[in-house]
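Architecture at a glance
If you want the building blocks of each chain, they are given just below.
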Amino acid sequence: MREAILPEKLRGWRAKLSAKAKQEKRFRFYSLYELVSHPVTIQTAWAQVRANGGAPGIDGVSIEQIEKEGEGNFLEAIRCELKEKRYRTGAVRRVYIEKANGKKRPLGIPNLRDRVVQSAVVLILEPIFEADFLDCSYGFRPERGAHDALETIRQNLVSGRCAIYDADLEGYFDSIAHDKLMACVRMRVVDGSVLRLIKQWLQAPVEEEDEKGKKQRRRNDKGTPQGGVISPLLANIYLHWFDRAFHSREGPARQLKAVLVRYADDFVILMRTPSKELIKFVEEKIENWLGLKINREKTRLIDLQAEEETLDFLGYSFRLAHDRYGRKLRYWAMRPSRKALARERQKLRMMTNFTRCHQPLPALITELNVHLKGWSNYFRRGYSRSAFRQINQYVRLRLCFHLRRRSQRSWRPSKGTSVYAHLAELGLHYL
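Residues numbered from 1 in each chain as written. Predicted model: local features only at pLDDT ≥ 70, side-chain atom pairs only at ≥ 80, totals over all residues. Heavy atoms only, no water.

1. Brief notes about the overall build of the protein
We apply this condition: Helix and strand assignments follow DSSP, with helices taken as H or I runs no shorter than four residues and strands as E runs no shorter than two, numbered in order from the N terminus. Both definitions apply: the radius of gyration is a C-alpha atom measure, and the globule rule equals 2.2 Å times residues to the power 0.38. Only protein chains enter the calculation, and the probe is 1.4 Å; a residue is then buried if its accessible area is under 20% of its type maximum, exposed if over 50%, and partly exposed in between. What makes two residues a contact is simply this: any of their non-hydrogen atoms within 4.5 Å. The protein chains shown are the only cover counted for residues, whose accessible areas, like all others here, come from Shrake-Rupley with a 1.4 Å probe. For the purpose of charge, His is not counted, nor are the chain termini; Lys and Arg are scored as positive and Asp and Glu as negative. By convention, the point assigned to a charge is CZ for Arg, NZ for Lys, CD for Glu and CG for Asp.
Looking only at helices and strands, the protein features 17 helices and eleven strands. Rg of the C-alpha trace for the protein: 25 Å, near the compact-globule value of 22 Å for 431 residues, within the 12% margin. With the C-alpha coordinates aligned to their principal axes, the bounding extent of the protein is approximately 75 × 60 × 50 Å. Within the span of the protein, comprising 431 residues, buried residues form 48% of the whole. Counted over contacts in the protein with a minimum sequence separation of 6, partners at least 24 positions apart contribute 68%. Put simply, the protein shows about 23,300 Å² of open surface, and 48% of that area lies on carbon and sulfur atoms. The average position of the 80 basic charges and that of the 51 acidic charges among the side chains of the protein differ by 4 Å.

Next up, the structure:
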């Protein structure tokens, strides 16, 4: 939720917290719990959770159910539990989502009650830690995003920083050490009640189904559930200390004039010439200092000036390309990566498969249009025309196949009208 649309009282609190944190870099905030449990904060937190949607947690309570039964009683119960310090977190429901490489990513889904309280804590803690976060961090931060990180990479490539250290952290969200993370939080927050809330969420039991469908619960001794509202903030707090070390007097930013671009746990380091010292520094800080693990199979040091060498980051691919007329003129091409295109085709296949035959065609096209507009808004940067043409062609082919499959009779458009013209009449959005 943007700062401008927050309630005036909450905006005032956040502004004061931010100003204090910026003025006194070593100040530790000790009286925050009352702000977290205030009705204005709880109401705003609920508005955020409701806007984000999402599946129910372990208790099965959905947003629609709360709205039907009355959100007033639901929020008042949360506020009373917090005020009387009776609040206890529920278990986290673990599900797995498939990744592009065929592996599965664990996702933790807290129940709605916990998501509201986590959102309330984020509303109060975020301005404090935002005052400390460095410009090299772009993920899950107000007024910053993936496009800003991508533009920073492009500018540095143009300026000659073509030696890239492309890092991959293995299971970052599940590997964070609780004691070290809490130490990072206590650098700024010493309110015991708020710290106890965070510790509850870190140690919340995780419930998942095994291959036989039997539910199992276990306690977390490390990590923060990827899917929790507070997890992105905690992840940034933890890696902030790597950012600081990188930009310290002995760090690569000063010693090697290297540039760090980090989006949550994904980061690249750009420099003019490859450096073994930098690799040693990163491995020391990430593995020995923070206790994380670098995936050496996916981590690489590349020179983007080499022929056919590419850098994939946040769905985009960077490479040094020749102009279309075969001249020696070369430029930095930034376009959707092959993996991003493969993921999009897979998504479109799912949206037009045989289970959608019952859905009215106008409704299906409306759903496709919403998805395609969102996808094109993200990938509109750089040289995306070729990728957009590929997706346009794929959507039309999928819909042609879908139309013929909807009935036992072979479907054909009316005489004098092509399939593509028929789809255009139905309002299909073209990228």
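Still to come is the rest of the account.
2. So, the pattern of salt bridges
Side chains that carry opposite charge are capable of pairing whenever their charged atoms lie near each other. Basically, it comes down to this: Only one rule defines a salt bridge in this text: a Lys or Arg side-chain nitrogen within 4 Å of an Asp or Glu carboxyl oxygen.
Evaluated as defined, the whole model comprises 20 salt bridges. For D132, the salt bridge goes to R188, with nearest N and O atoms at 2.8 Å. Separated by 56 residues along the polypeptide, D132 in the loop between helix 6 (112-130) and helix 7 (146-158) and R188 in the loop between helix 9 (178-186) and helix 10 (192-202) bring together distant segments of the chain. D132 gets classed as buried once you look at its relative accessible area, which sits at 17%. When its relative accessible area of 2% is taken as the criterion, R188 is described as buried. For the salt bridge of R296 with E287, the shortest nitrogen-to-oxygen distance reads 2.9 Å. For R296, a relative accessible area of 45% puts it in the partly exposed group.

3. Quick look at helix 3 (residues 39-52)
Here is the rule we go by: The span you would expect from a helix comes to 1.5 Å times its residue count less one.
The end-to-end C-alpha distance of helix 3 is 20 Å, a good match for the 20 Å that 14 residues give at a rise of 1.5 Å each. Within helix 3, burial applies to T41, I42, T44, A45, W46, Q48 and V49. If you follow the buried residues of helix 3, they end up packed against helix 1 (8-23), helix 2 (33-36), helix 4 (63-69), helix 5 (71-83) and helix 6. Just beyond helix 3, the residue with positive phi is G53, at close to 70°.

4. Thoughts on empty space enclosed by the protein
For clarity, the cut-off: We place a 1 Å grid over just the protein atoms. Points where a 1.4 Å probe fits but has no way out form a cavity, open points with protein on both sides within 12 Å along at least 5 of 7 lines form a pocket, and any residue with an atom within 4 Å of a point lines it. Grid points are joined across faces, edges and corners, and a volume is the space filled by probe spheres set on the points. Under the scheme applied here, ten amino acids are nonpolar (Ala, Val, Leu, Ile, Met, Phe, Trp, Tyr, Cys and Pro), four are charged (Asp, Glu, Lys and Arg), and all others, including Gly, are polar.
Here the structure, examined in full by the defined rule, presents one cavity of 30 Å³ or more. If you add up the space inside the largest cavity, you get close to 80 Å³. Lining the largest cavity we find 13 residues, and of these V92, P110, Q118, W201 and P225 sit closest to its centre. Among the residues forming the lining of the largest cavity, the class breakdown is six nonpolar, six polar and one charged.

5. Regarding the sheet that holds strand 4 (residues 206-209)
What counts is decided by this rule: By the convention used here, strands pair only if DSSP detects at least 2 bridges between them. Fitted lines through C-alpha atoms give the axes, limited to the stretch in contact for helices. The angle between two N-to-C directions lies from 0 to 180 degrees.
Spatial ordering of the open sheet is given by 2-1-4-5, a layout of four strands whose pairing is mixed. Here the strands that pair on one side only, and so sit at the sheet edges, are strand 2 (104-109) and strand 5 (215-218). When strand polarity is set aside, the average angle formed by the axes of neighbouring strands in this sheet is 35°. Looking at chain direction, strand 1 (residues 92-98) and strand 4 are connected through two bridges and run parallel. Bridging across to strand 4, V92 finds its partner in V206.

6. Some details on the sheet that holds strand 6 (residues 259-263)
Taken in spatial order, the four strands of this open sheet run 6-7-3-8, and their pairing is antiparallel. Each having just a single partner strand, strand 6 and strand 8 (300-303) make up the two edges of the open sheet. Neighbouring strand axes in the sheet, compared pairwise and without regard to direction, differ in orientation by 20° on average. Bridge analysis of strand 6 against strand 7 (residues 266-271) gives five bridges, and the strand direction is antiparallel. Paired with Y263 across the strands is D266, a residue of strand 7. Seen against the sheet, helix 7 touches strand 3 (163-167), strand 6 and strand 7 and runs at an angle of roughly 160° to strand 6. Helix 11 (residues 231-246) rests against strand 6 and strand 7 of the sheet, and its axis sits at about 175° to strand 6.

7. Quick notes on helix 10
For helix 10, the buried fraction is high: eight of the eleven residues fall into the buried class. The set of residues buried in helix 10 consists of S193, V194, L195, L197, I198, Q200, W201 and L202. Of the surrounding elements, those touching the buried residues of helix 10 are helix 2, helix 5, helix 6, helix 9 and helix 11.

8. Let's talk about the packing of helix 1 against helix 3
Quick note on the threshold: Note on terminology: angles under 35 degrees are roughly parallel, angles over 145 are roughly antiparallel, angles of 65 to 115 are roughly perpendicular, and the others are oblique.
Two numbers describe how helix 1 lies on helix 3: the axes approach to 9 Å, and their chain directions differ by 105°. Taken together, the axis directions place helix 1 and helix 3 in an arrangement best described as roughly perpendicular. Contacts from K9, L10 and W13 of helix 1 reach helix 3 at V40, T41 and T44.

9. Here's the deal with the side chain of E126
Filter applied, for reference: N or O atoms within 3.5 Å of each other form a polar contact, as long as, within protein, one can give a hydrogen and the other can take it, and as long as residues adjacent in sequence are counted only when both atoms are side-chain atoms.
By the element assignment, E126 lies in helix 6. Judged by relative accessible area, E126 falls into the buried class, the value being 16%. Side-chain polar atoms of E126 contact the side chain of R14, separated by 2.9 Å. For E126, the contacting residues outside a window of four places in its chain are R14, P142 and L233.

10. Quick notes on the pairing of strand 10 (residues 316-322)
Burial of strand 10 is extensive: five of the seven residues sit out of reach of the surface. Note that strand 9 (residues 311-313) and strand 10 share three bridges and pair antiparallel. The partner of D312 across the bridge, within strand 10, is S317. Remark: two residues form the turn of the hairpin made by strand 9 and strand 10, two consecutive strands paired antiparallel; L314 in that turn has positive phi of roughly 55°. In this structure, strand 10 lies alongside strand 11 (residues 330-336), joined through seven bridges in antiparallel fashion. The residue of strand 11 that forms the bridge with S317 is R335.

Any functional reading would require information that these geometric values do not contain.
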